[in-house]
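Close look at the chain arrangement
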Amino acid sequence: YLSENPPRLLKQDGSFIRGNYRYYSAKTLNVKIPIALIEAWDWGDTSLNKESMGPEGNLKTVQGFTYKKIEEKYQLIFNDDDAGEVADLVGINETEDQIFVDFYHCKYCPSKSEPGGRVEDTYVISGQTSRSVKWVNRGEELFAQLMYRYQTAIEKNFNRVLKGDISSIDLLRRKCRDKELVMGFYIVQPAIKESRISQDQLTVLGTSYTYVKGIAGKDIKVIVSK
C-alpha cells in the first residue's frame, strides 16, 4: 500500500519527504517569514501559560485576551478550541459579494518560561496553521463543521459563539455557494519575544508561511510578545 501511496511529509526547513526520498528546493529551503508580518502585543496581566478560555470564558488566558483584542473587528467570532478544531478562534465578516474568514491559532508560553527565542515554541503552532489551509475552497464544509461543533458543545452547556448568532453560520453555509470566500491566517504565540526572536524561529514560521502562500495565496500574520 505504501509503495503505491507513498506518504508526503513537509519538514520544518522547507524540504519534503515522499516515500523513501527527501527533496530540497532552493526556493523553499530555509525561507524566513518577513519581519513585517510579525506584530507584538502587550499582554498585560494575562496568564501566558494558560491557552484556552474554556466554557467559562476566562479572558485572562491567551485565547481570551486574543478574543477581546479582535472583538470589534468581526461580525461573528466562533470559539472552536478543542481536539479536531478548525482554529482556536474563527473571525467572520460578510459583505455584499464576499465572506471573510480568519483563523486564529493560539498557543501558550510554557510554565516557568519567559517569552524568548526558543524554536520549539514554533513547531506545533506552525503545523496547526499549515493544516488549516485544507479549508480553502471548502466553504460549505467549513460552516457545516462549525455547526456540528456548536451542536455537540451546546449539549454540554458550552456555547461556542462568542459574538453573533449561530443562525448566521447556517446562512453563510448556503451563501458561500454564490459569494467569494476569502481566508486569513494568524499565529498567536506569546512565547516568542519580539526583541529576542531567533533565526530558527523565523525559519520554522517561514515554512508555514511558504506553504500557506503557495496554496491559499495569503500571508500569515504572527502575533508575539513585546
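The paragraphs below set out a description of the structure included in this document. These figures come from a predicted structure and were not determined experimentally.

Parameters at a glance
- Residues numbered from 1 in each chain as written.
- Predicted model: local features only at pLDDT ≥ 70, side-chain atom pairs only at ≥ 80, totals over all residues.
- Heavy atoms only, no water.
- Buried < 20%, exposed > 50% of the residue type's maximum accessible area, 1.4 Å probe, protein only.
- Helix = DSSP H or I, 4+ residues; strand = E, 2+ residues; numbered from the N terminus.
- Pairing = 2+ DSSP bridges.
- Core = buried A, V, L, I, M, F, W, Y, C linked by side-chain atoms within 4.5 Å.
- Contact = heavy atoms within 4.5 Å.
- Patch = residues over 30% accessible without salt bridge, like charges linked within 9 Å, V, L, I, M, F, W, Y side chains within 5 Å.
- Areas by Shrake-Rupley, 256 points an atom, 1.4 Å probe, with all protein chains shown as cover.
- Salt bridge = Lys/Arg side-chain N within 4 Å of Asp/Glu carboxyl O.
- Axes fitted to C-alpha atoms, helices over the stretch in contact; angles between N-to-C directions.
- Disulfide = S-S within 2.5 Å.
- Phe/Tyr/Trp six-rings, centres within 6.5 Å; stacked < 30°, edge-to-face > 60°.
- Lys NZ or Arg CZ within 6 Å of the ring centre and 35° of its normal.

Quick look at the pairing of strand S7 (residues 98-106)
With respect to burial, S7 is a largely interior element, seven of its nine residues being buried. Both strand S6 (residues 89-94) and S7 contribute to a ladder of six bridges, which runs antiparallel. Bridge pairing links Glu94 to Ile99 in S7. Counting the residues that bridge the hairpin from S6 to S7 gives three residues. One ladder, built from nine bridges, connects S7 with strand S9 (residues 180-193); its direction is parallel. Bridge pairing links Phe100 to Val182 in S9.

Focus on the nonpolar core
One finds Val90, Ile92, Val101, Phe103 and Phe143 to be the most contacted residues of the largest nonpolar core, which totals 39 residues. The biggest single contributor to this core is helix H3 (residues 139-154), with five residues. The contact partners of Phe143, leaving out residues within four places of it in the chain, are Ile92, Ile99, Val101, Ile169, Leu172, Arg173, Cys176 and Leu181. Of all hydrophobic cores here, the second largest spans 18 residues; its members include Ile77, Cys109, Val188 and Ile223.

Digging into a nonpolar patch on the surface
A contiguous nonpolar surface patch, about 270 Å² in accessible area, is contributed by Leu10, Tyr211 and Ile215. Structurally, the position occupied by Leu10 is in strand S1 (residues 8-10). Judged by its relative accessible area of 45%, Leu10 falls in the partly exposed class.

Quick notes on the sheet that holds S6
The seven strands lie next to each other as S4-S10-S9-S7-S6-S5-S8, forming an open sheet whose pairing is mixed. Two strands bound the open sheet, and with one partner strand each, they are strand S4 (38-41) and strand S8 (161-163). Averaged over neighbouring strand pairs, the angle between their axes works out to 25 degrees when direction is ignored. Inspection of the sheet shows strand S5 (residues 76-79) paired to S6 by four bridges, in the antiparallel sense. Directly across from Leu76, in S6, lies its bridge partner Ile92. Where helix H1 (residues 62-70) meets the sheet, its contacts fall on S4, S5, S6, S7, S8 and S9, and the angle it forms with S7 comes to roughly 150 degrees. In the packing of H3 onto the sheet, the strands contacted are S5, S6, S7, S8 and S9, and the crossing angle to S7 comes to about 55 degrees.

Brief notes about the state of the cysteines
Overall, the coordinates contain zero disulfides when judged by the stated rule. Lacking any disulfide linkage, Cys109 is separated from the closest cysteine sulfur, that of Cys106, by 14 Å.

Some points on the packing of aromatic side chains
This model, assessed by the stated rule, comprises six aromatic pairs. Centroid distance Phe103 to Phe185: 5.8 Å. Interplanar angle 65 degrees. Geometry classified as edge-to-face. Placement of Phe103 in strand S7 and of Phe185 in strand S9 is noted, with a sequence separation of 82 residues between them. In this structure, Phe103 and Phe185 share a single accessibility class: buried. These aromatic residues form a ring-pair network of at least three members: Trp41, Trp43 and Phe65. A cation over an aromatic ring shows up here: Lys69 above the ring of Trp41, its NZ or CZ 5.3 Å from the ring centre. Above the plane of the ring of Trp135 lies Arg138, whose end atom (NZ or CZ) is 5.0 Å from the centre.

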